[in-house]
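Below, each chain spelled out in residue letters.
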Amino acid sequence: MRTAAESTADGPSPEAMRLLWRFAVNIPDAMPRKATGHEGALDPQQVIGAVQPELDVHTDADCATRAAAARRARKCVFLIPDAS
């Protein structure tokens, strides 16, 4: 999020703003109160501020999912027969 919001010295590019808009519509409190229907009304700092609480909600489940996937991957590596 921060990278897209700070993408150029002149502020976010139009492409970055479109990407932020796509994220913002799915994050509580990320959209301006009076959204005009286009990314021009979007405040990148508001999106960044709204992202952290959303990430906090999902961090534990995400870590558990990644740990389980890593365990499965390690098991698979040891089950692959030697090709030599």
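Residues numbered from 1 in each chain as written. Predicted model: local features only at pLDDT ≥ 70, side-chain atom pairs only at ≥ 80, totals over all residues. Heavy atoms only, no water.

**Overview of the overall build of the protein**
Moving on, step 1. Helix and strand content of the protein: three helices and zero strands.
Moving on, step 2. Here the protein holds 84 residues, and 24% of them are scored as buried.
Moving on, step 3. Residue pairs at least 24 apart in sequence account for 29% of intrachain contacts in the protein once pairs closer than 6 positions are excluded.
Moving on, step 4. For the protein, the accessible surface area stands at approximately 6,500 Å², while carbon and sulfur atoms represent 58% of it. (Helix = DSSP H or I, 4+ residues; strand = E, 2+ residues; numbered from the N terminus. Buried < 20%, exposed > 50% of the residue type's maximum accessible area, 1.4 Å probe, protein only. Contact = heavy atoms within 4.5 Å. Areas by Shrake-Rupley, 256 points an atom, 1.4 Å probe, with all protein chains shown as cover.)

**Focus: the nonpolar core**
General note: in soluble globular proteins, nonpolar side chains tend to be found buried as a group.
Moving on, step 1. Counting eleven residues, the largest nonpolar core consists of Met 17, Leu 20, Trp 21, Ala 24, Ile 27, Ala 30, Met 31, Leu 42, Val 47, Ala 50 and Val 51.
Moving on, step 2. Counting only elements with at least two residues in this core, the list comes to helix 2 (14-24) and helix 3 (44-79).
Moving on, step 3. Considering each element in turn, this core owes the most residues, four residues, to helix 2. (Core = buried A, V, L, I, M, F, W, Y, C linked by side-chain atoms within 4.5 Å.)

**Looking at a positive patch on the surface**
Moving on, step 1. Residues Arg 71, Arg 72, Arg 74 and Lys 75 make up a contiguous surface patch of positive charge.
Moving on, step 2. Mapped onto the fold, Arg 72 is located in helix 3. (Patch = residues over 30% accessible without salt bridge, like charges linked within 9 Å, V, L, I, M, F, W, Y side chains within 5 Å. Salt bridge = Lys/Arg side-chain N within 4 Å of Asp/Glu carboxyl O. Lys, Arg positive; Asp, Glu negative; His and termini not counted. Charge placed at Lys NZ, Arg CZ, Asp CG, Glu CD.)

**Quick notes on the confidence of the model for the protein**
Moving on, step 1. Chain-level pLDDT for the protein is 81 on average; 75% of the residues reach the 70-or-more range.
Moving on, step 2. Helix 3 holds the highest mean pLDDT among the elements of the protein, 90, whereas helix 1 (residues 2-5) holds the lowest, 53. (pLDDT = per-residue confidence, 0-100.)

**Side note on helix 2**
Given 3.6 residues per turn, any residue in an α-helix points the same way as the ones three and four places further on.
Moving on, step 1. The set of residues buried in helix 2 consists of Ala 16, Met 17, Leu 20, Trp 21 and Ala 24. Buried residues along helix 2 cover an arc of 140 degrees about the axis, so they all sit on one side. With respect to the buried face of helix 2, the exposed residues turned more than 90 degrees away are Glu 15 and Arg 22. (Arc of directions from axis to C-beta.)

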